[in-house]
Amino acid sequence: MSTEKYNRIPVIIGVGQVNDRDENDKKALGLDSLGLMEAALHAADADAGGGWLAQLDSLGVVDQISYPELGDVSAPLAQRVGAAPRICYKSGYASGDSPVLLLNEAANRIGAGEVRVAAVAGGEALRTAARRAAGAAQAGGVSADNAVRAVAMRRGPSYRHRYGLVAPVDVYPLYENACRAAYGQTLAQGQAESAEIWSRFSAVAEGNPGAWLRRRVSADEIKTLSAANRAIAFPYAKLMVANSSVNQGAAFLVTSLGWARARGIGDEQVIFVGQGAAAHEPVDLMARASFAESPSMAVSIRTAMELNGLATADLDYAELYSCFPCVPKMARRVIGWPIERAASVFGGLTFGGGPVGNYMSHAVVSMVLALRRAGRHGLLFANGGIATHNHSIVLSRAPVAPNIFPQRFDYQAEADSLRGPAPRVQEDYLGPATVETYTVLYDRDGAPQQGVVIGRAPSGARFIAKVPGADSGTIDWLTSGAQEPVGAAGTAVQGADGDTVWVRPVR
């Protein structure tokens, strides 16, 4: 590697994050999303020794949903921190992969010599937004899922929306149940794995000053339904899903190794950015080949590891995205990450906090701090949309070969080559069928609203059917664990409202 290329290796030199609340959580400072980003950027600048914000050539901002009236906050944010970057933009959407995408883009620009100093920032103030909104408490508050539902309703309901599959919390359980069956697990075994992973997240959060919920929770408490841990969407309870009721901001500063050293940044402060890989599933949920795997996830993670010349044994830390259990469960199987090792350095989206698209900025902060203390390499795997977008990248204490930027991080073609054909969707199918996957949606009191079945006709065509909440026999069959519903036979019939209803055989 030439001296010029070596000096252009991208490194992270400053990180910062903020939680906007007091110790008793009775009132917050009231910062909006922009205010949280501003505070986080100042914290990152201070961590790097100060004076870096005025030098920014590039500022990438993770899109926020807490205050939609603010729009694109990248330019106002730059102005607030006294920066005048030539490149100033927000991510295209508030998606969980956005911080890693912005990091990879910043690393490419630095490696190409296009910019000298870059920053990435994000923040969400959904907790403050909920308190501000009139009647929010009675209406269930402002949450990421409620925001998604509102957008979907404004656009008009799609086929899956008509059956209740609107927000991420409605859809990820389809992957969970399909994966559990594919893994050959019983319901109890699948729930035990989820609870064990989440309990270890809580232990990480307990020791992390930047986490939102700093309380260790046992696996038994996580998998057991209670008044404080109500059913959300089968098989997920409240302590298994992302907690978006937070006010959190995080930011980090990226520069070249040469400029960091010229400015007097010591080796103990510098964390090297490795190469990344991104790939995506079809945006249309019904156009996916399977709910029991994600080829794009596998390609993203494996390729990032290969590009950096690393094996799982080389990793001291991993951050496997954790909006819902099926995601880190799929991801850990890609690299053979043992359940005994925590799959997070921040605390996961339940306990660390789930600030919508900006969680991975907090993971970057925590990974940098962990590597400064000890260790050599950490993997960051981000997931966004509805199990749609995947982006992985490696951070290290020393450069890994080849570590040459800019690099191609789009590996969509490789993912597409592994993906089988998606089944034809037949919305009006009626007749005999089998369960491909399913979930049950619950109200805020924990009572079943309805079941949702993704069915397959004998021809292989895919369709959606519902199970009325009043059909206690079928709801119990879907949720009891007495037998595996995935693969079971039933019949799709037309309901009184015209929707398709799933009827199981009476034994």
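Residues numbered from 1 in each chain as written. Predicted model: local features only at pLDDT ≥ 70, side-chain atom pairs only at ≥ 80, totals over all residues. Heavy atoms only, no water.

*Asks:* Is there a simple way to think about the environment of asparagine 229 in this case?
*Replies:* Structurally, asparagine 229 is set in the loop between helix 11 (219–223) and strand 5 (231–233). A residue is classified by how much of its surface remains accessible, and asparagine 229, at 1% relative accessible area, is buried. Asparagine 229 sits 10 residues away from leucine 239 along the chain, and the two C-alpha atoms are 6.1 Å apart. Beyond its immediate stretch of four places on either side in the chain, asparagine 229 contacts Glu221, Ile222, Thr224, Ala237, Lys238 and Leu239. A distance of 3.0 Å separates the side chain of asparagine 229 from the backbone oxygen of isoleucine 222, its partner in a polar contact. One polar contact links the side chain of asparagine 229 to the main-chain amide nitrogen of lysine 238, over a distance of 3.2 Å. (Helix = DSSP H or I, 4+ residues; strand = E, 2+ residues; numbered from the N terminus. Buried < 20%, exposed > 50% of the residue type's maximum accessible area, 1.4 Å probe, protein only. Contact = heavy atoms within 4.5 Å. Polar contact = N/O pair within 3.5 Å; in protein donor to acceptor, adjacent residues only side chain to side chain.)

*Asks:* Can you walk me through the sheet that holds strand 8 (residues 271–280) in this structure?
*Replies:* The nine strands lie next to each other as 3-2-4-7-1-8-11-10-9, forming an open sheet whose pairing is mixed. Looking at the sheet topology across the chains shown, the edges are occupied by strand 3 (87–90) and strand 9 (317–320). With direction set aside, neighbouring strand axes in the sheet form an average angle of 20°. Helix 14 (residues 326–335) contacts strand 9 and strand 10 (377–384) of the sheet and is inclined by roughly 135° relative to strand 10. (Pairing = 2+ DSSP bridges. Axes fitted to C-alpha atoms, helices over the stretch in contact; angles between N-to-C directions.)

*Asks:* What is the right way to look at the nonpolar core in this model?
*Replies:* Side chains that are nonpolar tend, in soluble globular proteins, to be buried together. Counting residues in hydrophobic clusters, the biggest one holds 113 residues, and the most contacted among them are Ile12, Leu103, Tyr172, Leu395 and Trp502. Ranked by residue count, the leading element in this core is helix 16 (residues 359–373), at eight residues. Filtering out sequence-adjacent residues up to four positions away, leucine 103 remains in contact with Ile12, Val120, Phe252, Val254, Val273, Val364, Ile393 and Leu395. (Core = buried A, V, L, I, M, F, W, Y, C linked by side-chain atoms within 4.5 Å.)

*Asks:* Please clarify how helix 2 (residues 33–47) should be interpreted in this entry.
*Replies:* In a regular helix each residue adds 1.5 Å, so 15 residues correspond to 21 Å; helix 2 covers 21 Å between its end C-alpha atoms and thus fits that length. Of all the positions in helix 2, only Ser33, Leu34, Gly35, Leu36, Met37, Ala40, Leu41, Ala44 and Asp45 are classed as buried. With a side-chain oxygen lying 3.2 Å from the backbone nitrogen of leucine 34, the N-terminal cap of helix 2 falls on aspartate 32. At the C-terminal side of helix 2, glycine 49 shows a positive phi close to 105°. (Expected span 1.5 Å × (residues − 1).)

*Asks:* Teacher, can you tell me more about the packing of helix 9 (residues 168–183) against helix 14 here?
*Replies:* Pairs of packed helices are described in terms of their axes, by the angle between the two and the distance that separates them. Packing of helix 9 against helix 14 leaves a shortest axis separation of 9 Å and a crossing angle of 40°. Classified by the angle their axes make, helix 9 and helix 14 are oblique. Considering how the two elements wind past one another, helix 9 and helix 14 form a crossing that is left-handed. Between helix 9 and helix 14, the residues in contact are Tyr172, Tyr175, Glu176, Cys179 and Tyr183 and Cys326, Val327, Lys329, Met330 and Arg333, respectively. When the residues that make up the contact of helix 9 with helix 14 are grouped by side-chain class, the tally is seven nonpolar, no polar and three charged. (Parallel < 35°, antiparallel > 145°, perpendicular 65-115°, else oblique. Left-handed = near helix turned anticlockwise from the far one by under 90°. Nonpolar A, V, L, I, M, F, W, Y, C, P; charged D, E, K, R; others polar.)

*Asks:* Where do I start with the confidence of the model for the chain in this structure?
*Replies:* Parts of the model with low pLDDT should not have their predicted coordinates read in detail. Per-residue pLDDT for the chain averages 94, and the proportion of residues at 70 or more is 93%. The model gives residues 134–141 a pLDDT under 50, and that stretch makes six contacts with residues more than four places away or in other chains. (pLDDT = per-residue confidence, 0-100.)

*Asks:* How should I be thinking about the pattern of salt bridges in this particular structure?
*Replies:* Opposite charge on two side chains permits them to pair, given that their charged atoms come into close proximity. Within the structure shown, the criterion is met by 21 salt bridges. Here glutamate 38 and arginine 80 are joined by a salt bridge, their closest N and O atoms 3.0 Å apart. Of this pair, glutamate 38 sits in helix 2 while arginine 80 sits in helix 3 (residues 74–80), and the two are 42 residues apart along the sequence. The exposure class assigned to glutamate 38 is partly exposed, which follows from its relative accessible area of 21%. Here glutamate 176 and lysine 329 are joined by a salt bridge, their closest N and O atoms 2.6 Å apart. (Salt bridge = Lys/Arg side-chain N within 4 Å of Asp/Glu carboxyl O.)

*Asks:* In this structure, what is going on with the pairing of strand 3? I would like to understand it.
*Replies:* Looking down a regular strand, the side chains alternate between one sheet face and the other. One ladder, built from four bridges, connects strand 2 (residues 58–61) with strand 3; its direction is parallel. Bridge pairing links leucine 59 to cysteine 88 in strand 3. Regarding topology, helix 3 serves as the crossover connection from strand 2 to the parallel strand 3, and that connection is right-handed. (Right-handed = clockwise from strand over helix to strand, strands pointing away.)

*Asks:* Please clarify how helix 4 (residues 98–111) should be interpreted in this entry.
*Replies:* Side chains three or four residues apart in an α-helix point the same way, a direct result of the helix having 3.6 residues per turn. When the terminal C-alpha atoms of helix 4 are compared, their 20 Å separation across 14 residues agrees well with the 20 Å that a helix rising 1.5 Å per residue should span. Within helix 4, 13 of the 14 residues are buried, leaving the element largely enclosed by the surrounding structure.

*Asks:* What am I meant to see in the environment of serine 322 here?
*Replies:* Looking at the element boundaries, serine 322 is found in the loop between strand 9 and helix 14. Along the backbone, serine 322 and arginine 162 are 160 residues apart, and their C-alpha atoms lie at a distance of 27 Å. Setting aside residues up to four positions removed in sequence, serine 322 forms contacts with Trp198, Phe201, Pro328, Gly348, Leu349 and Tyr359. Among the polar contacts listed, one links the side chain of serine 322 to the backbone nitrogen of leucine 349, at a separation of 3.2 Å.

*Asks:* How should I be thinking about the packing of aromatic side chains in this particular structure?
*Replies:* Here the distance between the centres and the angle between the planes together describe a pair of aromatic rings. Going through the model one piece at a time under the given rule, you end up with nine aromatic pairs. Arranged with centres 5.9 Å apart and planes meeting at 90°, the rings of tyrosine 321 and tyrosine 359 form a pair that is edge-to-face. In this pair, tyrosine 321 sits in the loop between strand 9 and helix 14 while tyrosine 359 sits in helix 16, placing the two residues 38 residues apart along the sequence. Across the pair, exposure class does not vary: tyrosine 321 and tyrosine 359 are buried alike. Grouped by ring-pair contacts, the aromatic residues Tyr172, Tyr236 and Phe324 constitute a single cluster. (Phe/Tyr/Trp six-rings, centres within 6.5 Å; stacked < 30°, edge-to-face > 60°.)

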